[in-house]
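This is what each chain is made of:
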Amino acid sequence: MARVIKLLGPPGTGKTTTLLDYVEKELETVPIEKIGYFSFTRKAANEARDRAIDKFDLDQKSFKWFSTLHSCGYHSIDQEGRTVMGRPQFKSFADKIGLKAKLLVDTETGMSDNIYLNHHNLARARGISLEEHYRKYVDTTVVDWKFLEHLSTAYEQFKEVNKYIDYADMLYEAVNENLLPELDVVFIDEAQDLTPLQWAMVEHFASTSQRLYLAGDDDQAIYRWLGADVERFIDYPAEEIVLPKSYRVKREVQNFAQEIIQITKNRIKKDWEPQEDDGVLKYHQNIESVDLSKGNWLLLGRDKFILNRLEETCRDQGLWYEKQERKNIIKPISQKMFDAIIGWNELKDGNMIDKKTIKKVFFYKKVSERYEQEIDLMNDKHLYDLDTLTILFGPFSVGEWYQSLDKINVQDRAYLLRLSLNEENIANKPRIKISTIHAAKGGECDKVLLTTDMNIKTYQSYQKDSDDEQRVFYVGATRAKEELHVLLPQTTMHFKLAL
């Protein structure tokens, strides 16, 4: 049995750096091939691997077991004659059973754009029957049992007939057929986010390795909806080491964060020191009192409807921003419109642009219907200035972009003009980011605006058991490096601010 060390890393305490220090110490006596480092996301695993490569001057091939747990399962099983479910396979399955959804599946979480397939996968991640999962975790007013059962059966048959496997299959097979590697030392990062199926892998390593490091922070466990079992992390018997000092969180922000996390009933108590500076904590009755005109900001909301309100505020105030939706970064105007404005400004300033940009520019201009034909005749490799385009297309309106690109709609034009009045340069990376708290986990920003309201569905869950949601609120608060601005409740449905 392994010696188990639970490394508890409060926000900004340098957990990854500390883990790599432990890796370095283990490398004094253990070959890299016998060390496993597994993280919740591919990005985190790759970051740890790359930092280790730089630090220890080893070849990338040596880091076979620096990966996600899914990847560990993938490399442990015999894949001969089988294909991993990917976009073409999911599309084929959707067509087979008549689903209109594209079934775009996140290869790290197993979640897709189809609620039924998600519940099928969540039941497997939790290691329970589909019926039990439906009874305990599913909103039965939204999800029909008969269709869920039909889809689940059809999906498993589809994989079996075509010799396809998915990520859950890899973990099941690796665990149940005892195919996981036997390593001397194993590090599991973000262990508070592991599902019961992934905990079965942990048990294998606990019984076969010499030392097992479980790194994480139960106060930042916000993935229950993905099947995570934070109680398993809290209760797992181990030596506990709390990283003592945050390199991000300042004193006033920590005071607020500690107040709101103490509302959580089931947690590991942790004492840690903030930065020496006080930092800034401000409360606001309304969003108009928050001065967003300067500095880098992260605007956080629990639910999508709150993000929409934050977006409206930025548009009304003429602020250049971007919004994160799942893994996609969305700007407030389309990329095509953005490129057209930048392209027109280049022309107006006497510079030359390529054919691809010209096509975007003329998409937003009222010109002859035959402009597309004329553009098609242009040379892809040439650059063109304004005088040349006038010769090719005949006279057209010139001036500032808002005068010349006359097919841009009224709402976008008004927003863009407000941007110019505020001297916001859309060619620069937006200094304001709007995000859900979940999507911002792992990130940080100088100034954070944390909203307190939530939608009715989240609030109903919050009333039944506040622990999970209070952890979400804590994660949001601890993204702030310099200033935390808290927007006080605007509705009766909101997070608790103190006991």
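Here's what I pulled together on the structure shown here. (Residues numbered from 1 in each chain as written. Predicted model: local features only at pLDDT ≥ 70, side-chain atom pairs only at ≥ 80, totals over all residues. Heavy atoms only, no water.)

## Considering the overall build of the protein chain
Turning to step 1, where the next piece is worked out: A count of helical and extended segments in the protein chain gives 21 helices and 17 strands.
Turning to step 2, where the next piece is worked out: Its C-alpha atoms give the protein chain principal-axis dimensions of about 80 × 60 × 55 Å.
Turning to step 3, where the next piece is worked out: Excluding contacts between residues fewer than 6 apart, the proportion of contacts in the protein chain whose partners are at least 24 apart in sequence is 78%.
Turning to step 4, where the next piece is worked out: Carbon and sulfur atoms form 48% of the exposed surface of the protein chain, whose accessible area is close to 24,400 Å².
Turning to step 5, where the next piece is worked out: Measuring between centres, the 70 positive side-chain charges of the protein chain sit 3 Å from its 81 negative side-chain charges. (Helix = DSSP H or I, 4+ residues; strand = E, 2+ residues; numbered from the N terminus. Contact = heavy atoms within 4.5 Å. Areas by Shrake-Rupley, 256 points an atom, 1.4 Å probe, with all protein chains shown as cover. Lys, Arg positive; Asp, Glu negative; His and termini not counted. Charge placed at Lys NZ, Arg CZ, Asp CG, Glu CD.)

## Focus: the environment of Glu-276
Turning to step 1, where the next piece is worked out: Looking at the secondary structure, you find Glu-276 in the loop between α11 (251-261) and β9 (280-284).
Turning to step 2, where the next piece is worked out: Taking the C-alpha atoms as reference, Glu-276 lies 9.8 Å from Ser-246; in sequence the two are 30 residues apart.

## What about the nonpolar core?
Here is a general trend for soluble globular proteins: nonpolar side chains tend to be buried in one another's company.
Turning to step 1, where the next piece is worked out: Counting 43 residues, the largest nonpolar core has Leu-299, Ile-341, Phe-362, Leu-389 and Leu-405 as its most contacted members.
Turning to step 2, where the next piece is worked out: Contributing elements (two or more residues each) for this core: β10 (297-301), α12 (304-317), α13 (335-348), α14 (355-363), α15 (371-376), α16 (386-393), α18 (410-421) and β15 (432-436).
Turning to step 3, where the next piece is worked out: Top element by residues in this core is α13. It accounts for 6 residues.
Turning to step 4, where the next piece is worked out: Contacts of Leu-405, omitting those with residues within four sequence positions, involve Ala-340, Ile-341, Trp-344, Val-361, Tyr-364, Lys-365 and Arg-413.
Turning to step 5, where the next piece is worked out: Membership of the second largest hydrophobic core comes to 33 residues, among which are Ile-437, Tyr-462, Val-475 and Phe-495. (Core = buried A, V, L, I, M, F, W, Y, C linked by side-chain atoms within 4.5 Å. Buried < 20%, exposed > 50% of the residue type's maximum accessible area, 1.4 Å probe, protein only.)

## A short note on the packing of aromatic side chains
The geometry of an aromatic ring pair comes down to the distance between the two centres and the angle between the two planes.
Turning to step 1, where the next piece is worked out: All chains considered together, the criterion is met by 25 aromatic pairs.
Turning to step 2, where the next piece is worked out: Between Phe-63 and Phe-66 the ring centres are 4.8 Å apart and the planes differ by 85°, which places this aromatic pair in the edge-to-face class.
Turning to step 3, where the next piece is worked out: Since its relative accessible area comes to 3%, Phe-63 is described here as buried.
Turning to step 4, where the next piece is worked out: Residue Phe-66 is classed as buried on the basis of its relative accessible area, which comes to 4%.
Turning to step 5, where the next piece is worked out: Between Trp-199 and Tyr-236, the ring centres sit 5.5 Å apart and the planes meet at 20°, which makes this aromatic pair stacked. (Phe/Tyr/Trp six-rings, centres within 6.5 Å; stacked < 30°, edge-to-face > 60°.)

Don't take any of this as a statement about function, it's just geometry.
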